[in-house]
Amino acid sequence: MLTLFGSALVWLLIASLLGLINSLKFHAPGFLAAQPYLSYGRVHAAENAAFLYGFGVQAAVGLGLWLLCRLGRTILAGPACVFIGAVFWNTAVTLGTAAILCGQSTGYDSFEMPAWCVPLLFAAFLMLGICAMLTFHQRQPGRLYPSQWFVVGSLFWFPWIFSTAALTLLCVPARGVLQATNAWWYAHNFNTVFLGFAGLASTFYFIPKLLSRPLHSHYQAALAFWTLALFGSCGGIPDGAPVPSWIISLSVVGTVLTAIPILTVATNFYQTVQRDLNALDADPTLRFTYVGLFFWIIASAQQIVGALPTVSAISDFTWFAAAQKELFHYGFFAMTIFGALYYIVPRLLGLESSAWCPKFLKLHFWFTFLGVLIAYLSLIVAGVGQGILLSNAGNSFVDVMRRTMMPLRMSTLGDLFVLVGIVLFLLNFAGVCRQACCMARKERV
Amino acid sequence: MNSGPVLFVGLLAAMACSWTGFVLAPQMQLGDLTQTNTVPVGDTLPQNYPLARPGEAHGGAEIYRANGCASCHTEMVRSGNLGSDLQRGWGARRSLAEDYLFEQPVMLGLQRIGPDLANFGRRSDTNGIYLRLYDPRLITPGSVMPPYRFLFETRKIGLFPAHDAVVLPDKDAPPAGYEIVPRPEARALAAYLLSLRQDGYLYEAPPPPQLQAKTNAVSTNGVPTNAAPAAAKPAVK
């Protein structure tokens, strides 16, 4: 499990580094443009792959395995299999990302891994997934806690959407524009449902647990779970796409109905927390998880707003969606995972929570929080500005792009902060691992 | 919700709903889409649409894919009520499913950091494309597009200058005796970009009214048309 977490963090670092490189290209278009490996399009695809597959999937699976063990009051089934699966997965992601930089991307957004890499990824995920299901199966009898549903949901969702995408995009490519709809559907499911479920599993576990207060309502949690599975999985098709309009309508309706899970989750936690925000300072996990939840609500609400036809006519194809993605990935998912890791890692290593260096921890929080906020707000400004200016055909395209450069360049600062935050966290993480090694050595002596 | 099987079946059902709506049903509707006929305008005859790309353009699509051009350029024009795509001259009509029949992979893109390219072949020429790839700011001052110099090579002029050497303005021209020639990748990419044209009006996107009037005049002359019913009706009256 530690392998999963450790390598996930390294991938996160790589992804944010690639993101920073691309962000810098908006300061000087010629920056690192001489090498084909570092051209904007390739770096963009590699950043996606490193974040989604290197960090996203590994963090989600690692967290899921830990929650299944903890909530099922059992031990991990087949730890060796999990380890081998993690090694396979990392090998596949490394090869795939390198191949993307060499120009082997498939050309589908969020599904860039080259075709030969996909079976390897799938096999590695199956190894991890089967161990997770066995762990779930050998749980102690008793009522299932919402986090368990969310974990099982996320671990089931991924192989389905991944195999659908692999079949309809690579094995037997669908005809014409269907490839685009399938790729959009896949990307939407990956983010909204898979990453959403995985992150919320952590939120549902840690907030009540660390407040020592029961979750307000299991029924509301169930409602949120099922509606997110049902409606969160419908969407991702932009308005005006060259497809029959019923597909677009279905996508809009599904996206708008995700208001139900958002409101349910929000009220559920509002009742659970009951304005007890004192604990925020006391526990780093709680602080990260709160902020992650808050960002999830904003990012999901923005997705709904962006799907409304009147808005999407302006906001589609601008930085608006990039801002939403930034907030969802770094603000919600990464923040929630950081929070969970502050709790989990010392316990996995047999240490106390005090093993973390508190100064680094505090700096990590503020760097990440401010970084995400700066990047998000500047991208939103860029997106809305671009959309409004572009809707007037009198503004020439290049003129509009020049006017959005200022906020875009601001967002580089945010990316830099996030990167510093991740480096701080990795240093802290390494420190904790070293303490564990020292302790193990002492015990042996 | 305390039993595993209930959870699994529920998730399966939710996934099945989404899968049916977004993968299966579109496949049933569009999966066996074939070539169609264009709606004739003026004195043109209906033509097969779309036509397959020429060979070199296929290789160019691979260059377009490999370098992730779609991360900044879309290849779809939205209809008149959505954005200013048509007014910017990015296309004569909105894009339709038929336009992508022979694409592999289909790279519609989701973000416009650069302009839409669905009809780029209609508004550019080979040297223009080379110039844009070599240094985008030569043609569009202030452009944020990175230069793609690795698609070109500077070499000594042999017996004769290359026929497709890039024609640069004087201040950017290579030293005397040298020329900048596109590598095969750049040639293929240019062929692909020139092949990007969503020509011809189709049943779902008929010609605008002023053009339709001409269409009807022709159809009464007995030329078989595939015109939209809306366009054909006034002619019957």
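Refer to the structure presented above.
Each value, and the rule that gives it
Residues numbered from 1 in each chain as written. Chains lettered and ligands numbered in written order. Predicted model: local features only at pLDDT ≥ 70, side-chain atom pairs only at ≥ 80, totals over all residues. Helix = DSSP H or I, 4+ residues; strand = E, 2+ residues; numbered from the N terminus. Buried ≥ 20, exposed ≤ 12 C-beta atoms within 10 Å, placed from the backbone. Contact = placed C-beta atoms within 7 Å. Axes fitted to C-alpha atoms, helices over the stretch in contact; angles between N-to-C directions. Parallel < 35°, antiparallel > 145°, perpendicular 65-115°, else oblique. Left-handed = near helix turned anticlockwise from the far one by under 90°. Nonpolar A, V, L, I, M, F, W, Y, C, P; charged D, E, K, R; others polar. Expected span 1.5 Å × (residues − 1). Bend = angle between axes of the 7 residues up to and from the residue.

Draft legend 1. Spatial organisation of the overall build of chain A. Scanning chain A from terminus to terminus reveals 16 helices and 0 strands. Principal axes of the C-alpha set define a box for chain A whose edges measure 75 × 50 × 50 Å. Residue burial in chain A is summarised as follows: out of 445 residues, 57% are buried. In chain A, the proportion of contacts linking residues at least 24 apart, taken out of those at least 6 apart, comes to 84%.

Draft legend 2. Quick look at the overall build of chain B. Tallying secondary structure elements over chain B gives 6 helices and 4 strands in all. Put simply, chain B runs from its N terminus to its C terminus through helices and strands in the order α-β-β-α-α-β-β-α-α-α. Counting the 237 residues in chain B, one finds 42% classified as buried. A separation of at least 24 residues holds for 68% of the contacts in chain B among residues at least 6 apart in sequence.

Draft legend 3. Up close: the packing of helix 3 (residues 126-134) of chain B against helix 4 (residues 184-194) of chain B. All names here are of chain B. Contact geometry for helix 3 and helix 4: axes closest at 10 Å, N-to-C directions at 120°. On the basis of their axis angle, the class for helix 3 and helix 4 is oblique. Two packed elements cross with a definite hand, and for helix 3 against helix 4 that hand is right-handed. Between helix 3 and helix 4, the residues in contact are Thr126, Ile129, Tyr130 and Leu133 and Ala186, Ala190, Leu193 and Leu194, respectively. The class makeup of the residues in the contact of helix 3 with helix 4 is 7 nonpolar, 1 polar and no charged.

Draft legend 4. Structural context of the environment of alanine 124 of chain A. Residue and element names in this part refer to chain A. Among the structural elements, alanine 124 can be located in helix 4 (residues 117-137). Distance in space between the C-alpha atoms of alanine 124 and tryptophan 89 is 5.3 Å, their sequence separation being 35 residues. Residues within four places of alanine 124 in sequence aside, it is in contact with Gly85, Phe88, Trp89 and Ala92.

Draft legend 5. Quick look at unusual backbone geometry. Here the bond from tyrosine 49 of chain B into proline 50 of chain B is cis, since omega is -10°, no more than 30 degrees from zero. Mapped onto the secondary structure, proline 50 of chain B falls in the loop between strand 2 (48-49) and helix 2 (55-66). Looking along the chain, the bond that leaves glutamine 104 of chain B and enters proline 105 of chain B is cis, with omega of -10°. For arginine 73 of chain A, which is not glycine, the phi torsion reads 50° and is therefore positive. Following the sequence through the fold, arginine 73 of chain A ends up in the loop between helix 2 (40-72) and helix 3 (79-101).

Draft legend 6. Highlighting the interface of chain B and chain A. Listed by partner, the interface residues are 64 residues for chain B and 69 residues for chain A. Residue assignment for the side of chain B that touches chain A shows that the elements contributing at least two residues are helix 1 (4-30) and helix 2 of chain B. Of the residues assigned to the side of chain B that touches chain A, the class counts are 35 nonpolar, 22 polar and 7 charged.

Draft legend 7. How the structure looks around helix 13 (residues 319-348) of chain A. Residues and elements named next belong to chain A. Helix length check: helix 13, at 30 residues, gives a terminal C-alpha distance of 40 Å against a target of 44 Å (1.5 Å per residue), a fit within 8%. Its maximal kink placed at leucine 341, helix 13 deviates by approximately 35°. By the criterion of burial, helix 13 is predominantly enclosed, with 27 of the 30 residues buried. Positioned one or two residues after helix 13, glycine 350 has a phi angle of 75°, which is positive.

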